[in-house]
Each structure stands twice: as structure tokens, then as C-alpha cells.
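Close look at the chain arrangement
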Amino acid sequence: MTSSHRLLLENAQQVVLVCVRGERFLTGSALRSLAVLEGASVVVGTDGLIKAVGPAAVIQSQFSGETFEERIDCSGKCILPGLVDAHTHPVWAGERVHEFAMKLAGATYMDIHQAGGGINFTVEHTRQASEEELFCSFQQRLQCMMRAGTTLVECKSGYGLNLETELKMLRVIERARRELHLSLSATYCGAHSVPKGKTAVEAADDIINHHLPRLKELSRNGDLHVDNIDVFCEKGVFDLDTTRRILEGGKKMGLQINFHGDELHPMKAAELGAELGAQAISHLEEVSDEGIAAMAAARCSAVLLPTTAYMLRLKQPRARKMLDEGVIVALGSDFNPNAYCFSMMGTFDLPVWRPS
Ligand SMILES: [Zn+2]
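The rules behind the values
Residue numbers run consecutively from 1 along every chain, following the written order of its sequence. Reporting of local features is limited, given that this is a predicted model, to residues whose pLDDT is at least 70; pairs of side-chain atoms are given and counted only at 80 or more, and all residues count toward the totals for whole chains, interfaces and linings. Calculated side-chain values reflect all of the structure's heavy atoms, with hydrogen atoms and water omitted. UniProt positions are given in the numbering used here, feature names are shortened, and annotations may be inferred rather than shown by experiment. Note on donors: an N, O or S atom is included if it sits within 2.8 Å of the metal, or within 3.2 Å for Na, K and Ca, and water is never included, so sites can look incomplete. A simple rule labels every residue: compare its accessible area, found with a 1.4 Å probe on the protein chains alone, to the largest value its type can have, and call it buried under 20%, exposed over 50%, or partly exposed in between. Strands here are runs of E lasting at least two residues and helices are runs of H or I lasting at least four, both read from the DSSP assignment and numbered beginning at the N terminus. Here a strand pair is declared whenever DSSP counts at least two bridges between the two strands. Orienting the strands away from the viewer, one traces the path from the first strand over the helix to the second; a clockwise path indicates a right-handed crossover. Of the two site types, the cavity is a set of points on a 1 Å grid over the protein atoms alone where a 1.4 Å probe fits but cannot get out, and the pocket is an open set with protein on both sides within 12 Å along at least five of seven lines, each lined by residues with an atom within 4 Å of a point. Grid points are joined across faces, edges and corners, and a volume is the space filled by probe spheres set on the points. For every domain, the bounds stem from an assignment made automatically or drawn from a database.

The name given to the chain in an unreviewed UniProt entry is Probable imidazolonepropionase, with Mus caroli as the source organism. The Catalytic activity (unreviewed entry) comment attached to the chain in UniProt states, word for word, "4-imidazolone-5-propanoate + H2O = N-formimidoyl-L-glutamate". As recorded by UniProt, the Sequence similarities (unreviewed entry) comment attached to the chain reads in full: "Belongs to the metallo-dependent hydrolases superfamily. HutI family."

Below is the structure:
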């Protein structure tokens, strides 16, 4: 009996497997010896999953007599896994292109923030936008990311800050997860900024006492799938103590910790994340040496965002040191109104890898 498969990718010059023993990540010197097959083919089954990868001649004899809905000659080409964008803020309304002129004139993130621009501008527009409007622009952004090779996107809420709009954003992410052909990891980021009229402590209380219980209820009913909890741990935003309270609250309800730390000022966020068993910490432009060592020991991933450091004219994170010390290093586009980058390939070109 012959079986049928969806796709045969034949005779690729290279197939990049990254790893061959099912490792979830590679660190240190293992990164210098990625698993790459030369002259190989890939078989994709009717369920969309990869059925076989191997030398072209072996695949040819193993699958001789079987049918394929489509065959693609990949001679002279390289087959890569889909790219993972580990940090994005893709659901929002209100363009902020006018701020680029302010930045070129020397304004910092905090100058713009204090001039009524920045995140507060996006929060106002996102609160006013309808769910449909937010979904449409989100869908277009995801399509741009897919065209640039991204197949898994971590997507944050965080432009609502009040419960109603945070849930609206998470519902938009949930709808995309169900309707679109790419994988999403959803992050509740209600502590992205301190909302106007509240102190950081009041905002943290509101999150712990109102937002998280409601999220838990919606997750239990299967209405929302939230994977991670995020906080912007930064001087003048959420300090280390309020960050800890919020992250612990999220962890208690089963969310993975994945937060913004040590971006504009050294905060000891890396040390905190390692202590709490965080899955990942993003940014880390100002991480300490102790923080790097703690992250390596705790197997906590560093999500580096070279685009943001470039746009905000920050120093680039110390990627080379992190790699040498055995930290798991991932990349994100940090797509947001302030860092308009859809392409993971674009992040590879920025000077984050230079030894510092
Ligand atoms: Zn971010």
C-alpha cells in the first residue's frame, strides 16, 4: 500500500537541524557546532508535521513508490527552521512616528514619556480602539512577520493597564491563536507601565487583587490561554519589590515568568529572575556580572532586543559575555510603536554580537 504525504523538499544543499538529540536549547561552545546536513531531503506528512529528514539518497529509497501532493527541488538552497520572535508588543492603536523626530533631536525614552508621548499615548488610543480594529492591525503585523520567516511569536498585552483593556488585548491574541497559521505565546503585561493617577504600589495591588484572579477564572474556563507574566522592572516604573510581588502572584497561578529587566538602569532584575525561576528576562543592557552568572546557573534565558537598543541609542547588551558564560540567549524584534521591526533577520544585522 502506498502512503501519501503533503510535501517533499528534495536535494537541499543544506538542512539546518540546529540540534539532533532533542535538546531544548544550546549554550556555550555547542553553539559553534550546529547540526547541519548537506545534500538532504525533508518529508512533511499530511498532518503538517515533519516525517523524515536525511541524506537525499536515503530519503529517496525509503519513500520510493509513495506519493507527495507537492515536490520542491531545493538544489542550491538551504532549509532553516522557522524563526522564533521571543518578544513583541504587537496589539495596539495610535501610530507614534512623530516621536522619531524627537528621538533624532536627542530625546530619550523618559523625555518622551514625560512629554505625554510614549506609552501613555498608545494606552489612550488602545483603550479607545474596538476589538475588531485591534485584531485587524494585529493580523496585518503578524502577516508581515510571517513573510520575514517568523513562525512563533511571543505577544504581550500591556497597552491597557486597566483590567478591561488588558483583557481586550488578550482576547485579540487568543483570536489570532485560533484563526491564524502561526504559533503564539501569550503574555499578560498589565505591569508594562504605572497607569496615570496610581502609584506603582497601587498598580501592583490592583494587578494582584483584581487582574490575576480574573485571568485565572478565564483560563480555567478555557476562554483565554495566557502563558507568561511580564513586568517592566525599571527605575521610575516598577521597582524590584513590586516586580517581585507581581511575578510571584503570576507564578502562583501557573504563569511562566518572562519580564523586562535591567534595560535603562541596573536593577538586579537578572538576580531576581534567577531566584524566582524565571523562564526568561528581556533587554539586560545594564545587567551585572553577578546577574549573568545567576542566569546561567538558573537556566534562565536572556532575550536580547538589539533593535530597541539601536532605536533608543542605548548600549547594546553584552551578548558575547552571556554566551561565553553559558546563558541561554534568544532574540526578539521587540516590535512595538517605538521599535518598528517585523523581521528577525533585521535583528541579526545589528551590532549586538561585537565583543564588549
Ligand atoms: Zn518590550
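The subject of this paragraph is the coordination of the zinc ion. All of the protein donors around the zinc ion are His87 (NE2), His89 (NE2) and His260 (NE2); their distances to the metal are 2.1 to 2.2 Å. Mapped onto the sequence, the donors of the zinc ion take the spacing H-x1-H-x170-H. Taking the relative accessible area as the measure of exposure, His87 reaches 0% and is therefore buried. Accessibility expressed as a relative area gives 2% for His89, which makes it buried.

Taking every second residue as pointing to the same face, both faces of strand E9 (residues 228-231) are buried, with Asn228 and Asp230 on one and Ile229 and Val231 on the other. Bridge count for strand E8 (residues 183-191) against E9 is three bridges, and the pairing is parallel. Residue Tyr188 lies in a different strand from E9, and its bridge partner there is Ile229. Taken together, E8, helix H7 (residues 200-220) and E9 form a β-α-β motif whose crossover is right-handed. Here E9 pairs with strand E10 (residues 256-261) via two bridges, running parallel. Directly across from Ile229, in E10, lies its bridge partner Ile257. Between the parallel elements E9 and E10, the chain passes through helix H8 (residues 240-252) in a crossover that is right-handed.

Below, the discussion takes up the UniProt feature "domain: Amidohydrolase-related" (unreviewed entry) in the chain. Mapped onto this structure's residue numbering, the UniProt feature "domain: Amidohydrolase-related" (unreviewed entry) falls at residues 79-347. Across residues 79-347 one finds 46% helix and 16% strand; the C-alpha atoms that close the span lie 20 Å apart.

Any empty space left between atoms is shown by rolling a water-sized probe over those atoms. In this structure, the largest pocket spans a volume of roughly 1,700 Å³. Taken together, 43 residues form the lining of the largest pocket, with Arg24, Val84, Val329, Ala330 and Leu331 sitting closest to its centre. Among the secondary structure elements, those contributing two or more residues to the lining of the largest pocket are strand E1 (4-18), strand E6 (83-88), strand E7 (150-156), E10, strand E12 (301-304), helix H12 (319-324), strand E13 (329-331) and helix H13 (344-348). Residue-level mapping places the lining of the largest pocket at the junction of two domains, with at least three residues from each of domain 1 (4-79) and domain 2 (83-353).

Bridging between E10 and strand E11 (residues 280-283) involves four bridges; their strand directions are parallel. The residue bridging Asn258 from the neighbouring strand is Ala280, located in E11. For the segment spanning E10, helix H9 (residues 269-276) and E11, crossover handedness is right-handed. Two strands pair when backbone bridges link them, and E11 and E12 are joined in this way by three bridges, in the parallel orientation. Its bridge partner lying in E12, Ile281 is registered against Ala302.

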